[in-house]
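Structure assessment
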Amino acid sequence: MATGAVPASFTGLKSRDHRGLGFAKSSDFVRVSDLQRVKFGRTKVAVIRNSNKPGSETVELEPASEGSPLLVPRQKYCESIYKTVRRKTSTVMVGNVALGSEHPIRIQTMTTTDTKDVAGTVEQVMRIADQGADIVRITVQGRKEADACFEIKNTLVQKNYNIPLVADIHFAPPVAMRVAECFDKIRVNPGNFADRRAQFEQLEYSEDDYQKELEHIEKVFSPLVEKCKKYGRAMRIGTNHGSLSDRIMSYYGDSPRGMVESAFEYARICRKLDFHNFVFSMKASNPVIMVQAYRLLVAEMNVLGWDYPLHLGVTEAGEGEDGRMKSAIGIGTLLMDGLGDTIRVSLTEPPEEEIDPCRRLANLGMRGAELQKGVTSFEEKHRHYFDFQRRSGQLPVQKEGEEVDYRGVLHRDGSVLMSVSLDQLKAPELLYKSLAAKLIVGMPFKDLATVDSILLRELPPQDDKDARLALKRLIDISMGVITPLSEQLTKPLPNALALVTLKELSSGAHLLLPEGTRLVVSVRGDEPQEELEILKTTDATMILHHIPYTDEKTSRVHAARRLFEYLSENSLNFPVIHHIEFPREIHRDDLVIGAGANAGALLVDGLGDGILLEAPDHEFEFLRNTSFNLLQGCRMRNTKTEYVSCPSCGRTLFDLQEISAEIREKTSHLPGVSIAIMGCIVNGPGEMADADFGYVGGAPGKIDLYVGKTVVKRGIAMEHATDALIQLIKEHGRWVDPPADE
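First, a word on what this report is: a plain description of the structure on this page. (Residues numbered from 1 in each chain as written. Predicted model: local features only at pLDDT ≥ 70, side-chain atom pairs only at ≥ 80, totals over all residues. Heavy atoms only, no water.)

We now examine the overall build of the chain. Scanning the chain for helices and strands turns up 21 helices and 32 strands. Looking at the chain residue by residue over its 742 residues, the buried ones come to 61%. Sequence-distant contacts in the chain: of pairs separated by 6 or more residues, those separated by 24 or more amount to 70%. Carbon and sulfur atoms provide 48% of the accessible area of the chain, an area that totals close to 28400 Å². (Helix = DSSP H or I, 4+ residues; strand = E, 2+ residues; numbered from the N terminus. Buried < 20%, exposed > 50% of the residue type's maximum accessible area, 1.4 Å probe, protein only. Contact = heavy atoms within 4.5 Å. Areas by Shrake-Rupley, 256 points an atom, 1.4 Å probe, with all protein chains shown as cover.)

The next subject is helix α7 (residues 287-304). For α7, which comprises 18 residues, the first-to-last C-alpha distance of 26 Å matches the rise-based estimate of 26 Å (1.5 Å per residue) to within 8%. The element α7 is largely enclosed, with a buried count of 17 among its 18 residues. Looking at where α7 begins, the residue whose side-chain oxygen comes 2.9 Å from the main-chain nitrogen of Val288 is Asn286. Positive backbone phi, approximately 75°, marks Gly305, located one or two places after α7. (Expected span 1.5 Å × (residues − 1). Polar contact = N/O pair within 3.5 Å; in protein donor to acceptor, adjacent residues only side chain to side chain.)

Turning our eyes to something else, we now look at the sheet that holds strand β30 (residues 693-699). Here we have 5 strands laid out as an open sheet, ordered β28-β29-β30-β31-β32, and mixed in their pairing. For this open sheet the edge positions go to β28 (642-645) and β32 (710-717), each flanked by a neighbour on one side alone. For this sheet, the mean angle separating the axes of adjacent strands, direction not counted, is 20°. Bridging between strand β29 (residues 674-678) and β30 involves 4 bridges; their strand directions are parallel. Its bridge partner lying in β30, Ile675 is registered against Phe693. (Pairing = 2+ DSSP bridges. Axes fitted to C-alpha atoms, helices over the stretch in contact; angles between N-to-C directions.)

Residues other than glycine seldom take positive phi values, yet Phe171 does so here, at roughly 65°. Position of Phe171 relative to the elements: it lies in the loop between β12 (165-169) and α3 (173-179). By relative accessible area, Phe171 is classed as partly exposed at 30%. A positive phi angle, near 60°, is found at Arg635, a position not held by glycine. Along the polypeptide, Arg635 turns up in the loop between α18 (620-633) and β28. For Arg635, a relative accessible area of 29% puts it in the partly exposed group.

Looking now at a nonpolar patch on the surface. A contiguous nonpolar surface patch, about 400 Å² in accessible area, is contributed by Ile440, Val441, Met443 and Phe445. Turning to its location among the elements, Ile440 is positioned in strand β19 (residues 438-440). Looking at Ile440, the relative accessible area reads 47%, which means it is partly exposed. (Patch = residues over 30% accessible without salt bridge, like charges linked within 9 Å, V, L, I, M, F, W, Y side chains within 5 Å. Salt bridge = Lys/Arg side-chain N within 4 Å of Asp/Glu carboxyl O.)

Next up on the list: the nonpolar core. Ile169, Ile186, Phe221, Leu224, Met235, Phe280 and Met542 are the most contacted members of the largest nonpolar core, which totals 157 residues. Element by element, the count of residues in this core is highest for α7, at 12 residues. For Met235, the contacting residues outside a window of four places in its chain are Lys185, Ile186, Val188, Phe221, Leu224, Val225, Cys228, Cys270, Phe275, Asn277, Phe278 and Val279. The next biggest cluster of nonpolar side chains, apart from the first, holds 28 residues, and it includes Ile663, Ile677, Phe693 and Val696. (Core = buried A, V, L, I, M, F, W, Y, C linked by side-chain atoms within 4.5 Å.)

Take the sheet that holds strand β26 (residues 576-581) next. Taken in spatial order, the 8 strands line up as β18-β21-β22-β23-β24-β25-β26-β27 and close into a barrel, and their pairing is parallel. With strand direction ignored, the average angle separating the axes of adjacent strands in the sheet is 25°. Strands β18 (415-420) and β27 (610-614) of the sheet are contacted by α18, whose axis makes an angle of about 160° with β18.

Now for the packing of α7 against helix α8 (residues 320-336). Contact geometry of α7 with α8 gives a least axis separation of 9 Å together with a crossing angle of 20°. Put simply, α7 runs roughly parallel to α8. Taken as a pair, α7 and α8 cross one another with a handedness that is right-handed. Residues Pro287, Met290, Val291, Tyr294 and Arg295 of α7 form the contact with α8, whose participating residues are Lys326, Ile329, Gly330, Ile331, Thr333 and Leu334. When the residues that make up the contact of α7 with α8 are grouped by side-chain class, the tally is 7 nonpolar, 2 polar and 2 charged. (Parallel < 35°, antiparallel > 145°, perpendicular 65-115°, else oblique. Left-handed = near helix turned anticlockwise from the far one by under 90°. Nonpolar A, V, L, I, M, F, W, Y, C, P; charged D, E, K, R; others polar.)

Within the structure shown, the criterion is met by 51 salt bridges. The salt bridge partner of Arg247 is Glu265, with a shortest N-O separation of 2.8 Å. With Arg247 in helix α5 (residues 246-252) and Glu265 in helix α6 (residues 256-272), this pair connects stretches of sequence that are 18 residues apart. With respect to burial, Arg247 and Glu265 carry one shared label: buried. Here Glu487 ties to Lys491 by a salt bridge, and the two come within 3.1 Å at their closest N and O atoms.

Moving on, we get to the packing of α6 against α7. It is the contact of α6 with α7, at a shortest axis distance of 8 Å, that shows an interaxial angle of 50°. One way to sum up the angle between α6 and α7 is to call them oblique. Judged by the twist between their axes, the crossing of α6 over α7 is right-handed. Contacts from Pro256, Arg257, Met259, Val260, Glu261 and Phe264 in α6 reach Ile289, Gln292, Ala293, Leu296, Leu297, Glu300, Met301 and Leu304 in α7.

Here the focus is the pairing of β29. A regular strand places its side chains on the two faces of the sheet in alternate fashion. With 5 of its 5 residues buried, β29 lies for the most part within the structure. Here β29 shows no split at all, with Ser674, Ala676 and Met678 on one side and Ile675 and Ile677 on the other all buried. Pairing geometry for β28 and β29, over 4 bridges, is parallel. Among the inter-strand pairings, Tyr643 is bridged to a residue of β29, identified as Ile675.

What follows concerns the packing of aromatic side chains. Counted according to the given criterion, the structure contains 14 aromatic pairs. Residues Phe193 and Phe221 carry aromatic rings whose centres are separated by 5.8 Å and whose planes lie at 80° to one another, so their mutual orientation is edge-to-face. Taken together, the residues Phe193 in the loop between β13 (185-188) and α4 (207-231) and Phe221 in helix α4 connect sequence positions 28 residues apart. For Phe193, a relative accessible area of 3% corresponds to the buried category. (Phe/Tyr/Trp six-rings, centres within 6.5 Å; stacked < 30°, edge-to-face > 60°.)

Another aspect to go through is the environment of Glu458. Positionally, Glu458 belongs in the loop between β21 (453-456) and α11 (465-476). Taking relative accessible area as the criterion, Glu458 reaches 44% and is therefore assigned partly exposed. A C-alpha to C-alpha distance of 9.9 Å links Glu458 and Ile482, two positions 24 residues apart in sequence. Other than its neighbours up to four places away in sequence, Glu458 contacts Leu422, Glu487 and Lys491.

Its location among the elements puts Thr450 in the loop between β20 (443-445) and β21. Among the residues examined, Thr450 registers a relative accessible area of 1% and is labelled buried. At 2.7 Å, the side chain of Thr450 and the backbone oxygen of Ala436 are in polar contact. At 2.6 Å, the side chain of Thr450 and the backbone nitrogen of Asp447 are in polar contact. Excluding its chain neighbours within four sequence positions, the residues that come into contact with Thr450 are Leu435, Ala436, Ala437, Phe445, Met479, Phe628 and Arg637.

The next thing to look at is the environment of Leu339. By secondary structure assignment, the location of Leu339 is in the loop between α8 and β17 (342-343). On the accessibility criterion, Leu339 (0% relative accessible area) is buried.

In structure tokens, the structure reads:
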């Protein structure tokens, strides 16, 4: 990658004292935050000087990837690239709960009651606390809600519940000032605390105009900072991808860069006023954007010498396994790199239901950091930390003389492999259905979400003609059948792919196979370099990356990154499938979270071509659906309707769970279509930038419908709104009728 040392001052750049904002020389760094106004050569840059390092007048920036317009600090975003080491942070006190790297990862959720309903809110907070949450957030949108907060706090204290309470503030600085007198923490959204609601307009600013906007933010925000200092309150500067201001989006786009800059504007004011009891968050409904934003935030904090803790979350994750998977991909990816001090799993479910999956994720992160799970050190040159660039392995091509078509054993958008038992072969039609194949007169055919290849650890006997015919029919529709080398040598199945280890390759045992047999190689990724060298002379159809679940010390994520580094360094473009085995009796949520964190952490970086999950005592259909959910959550293979569904709060204007279930029932057969279901307008249009259609609470009993960010129908009576949404989808040519039952 090209890099450049960027000077802290430019010819023609007027330096003036802007009191800690923009170009301030009185603060401990200089930052030109407007990428459109400052140019270095032909490249727009951000300039940082960290005066904590004597003589440091420059910082090296580099493109996030080759040809990328995004310049990022050369500093890494995590403590270690080859093992999980928790990022060192300061301690932030939220009431009596300490956040930061010296403390456990704290778990939290948010109430869904009307905040003015004091009794109902108190009851819900107590249920949440009884489930083991460390912190509870409550929406406070107006004066009446702020007044109710005093009663809520007092009632909880009288009932011996001292769980810290957080006020969620949007659009309402006076309300924040009021509630700071009783709650332990204030969450401010930099996108709408002092800025107006985004209209998605491209704005043009002169330098003076832009500075006036920053001065306006300081004027509005400073009183709250001073009040938090006076009362010993904490603060979360919580950027949401869905609610960036027009001003930020005009300069940085709807991007991770804009998210970080939006938060830094507020952080600089806090630092200027010597207030440091705050944390950052960078939430988005898209796990890939969320991960990029947090990484960029930490990389820039490292340049500046800041060590504030992080609150992690994926907004509008949805419900059930979809919501858990999205959260595991986003939060789990960062936890694997030692980032994150408090987390929330946002589900369209009762808030107390969020605590258990949240705890499971926190435990996963804590355990990884305690064991410092990893691999031997290696240099990383090829992974893109800050922008998504998929490494696509070479898909199988047909070779001369082959009797069957191998091109379908992997899918260009991400492959799903499944482990099949001999028992399943006893009922071929049930097997075909469980693989999500279409049946026509009892014969299987591939469909949109059909499994691509199967792993058969044991082949049926040569004389079991029915089982072998079932396998032949799968091979005939270009489904890969993978079986261990020993099985293929003793009970050969024509046109099956042979699974071999590096040791078997080195010994030459695979040479006993018929010429032209396709090979699948199982690799751990942490082998000595000399053992990996055999790959250079191997014609593999794919690699299965596999670490046994009994290995407690090796990190699957870091071993895979080491493997991908080796492959890239040696220009080896084999497709790589993440092969994860789970122990018996693993909880379903642990399986979903483990798959999301361990495979998702790689797929969000574009590393990997598919997934193979094995769990002997879990239903086949559950494993298949989890695999496809994982690929879709990582923005790869889209096989079903995508839902961006908010978790509900006191602002919500309808029963989100009920309406969400109704919409899903009628629209779940529309792969490639994304629908946002939002309880109110706070994040609505912004998060719906990631959705095709939006269903948003506009007023009590009334729904507004959106196409992308644009409202197209307002004030629809709720009883007609789902039908109106379907009609809108039809008008835009995205509707298909549900498939008839076979």
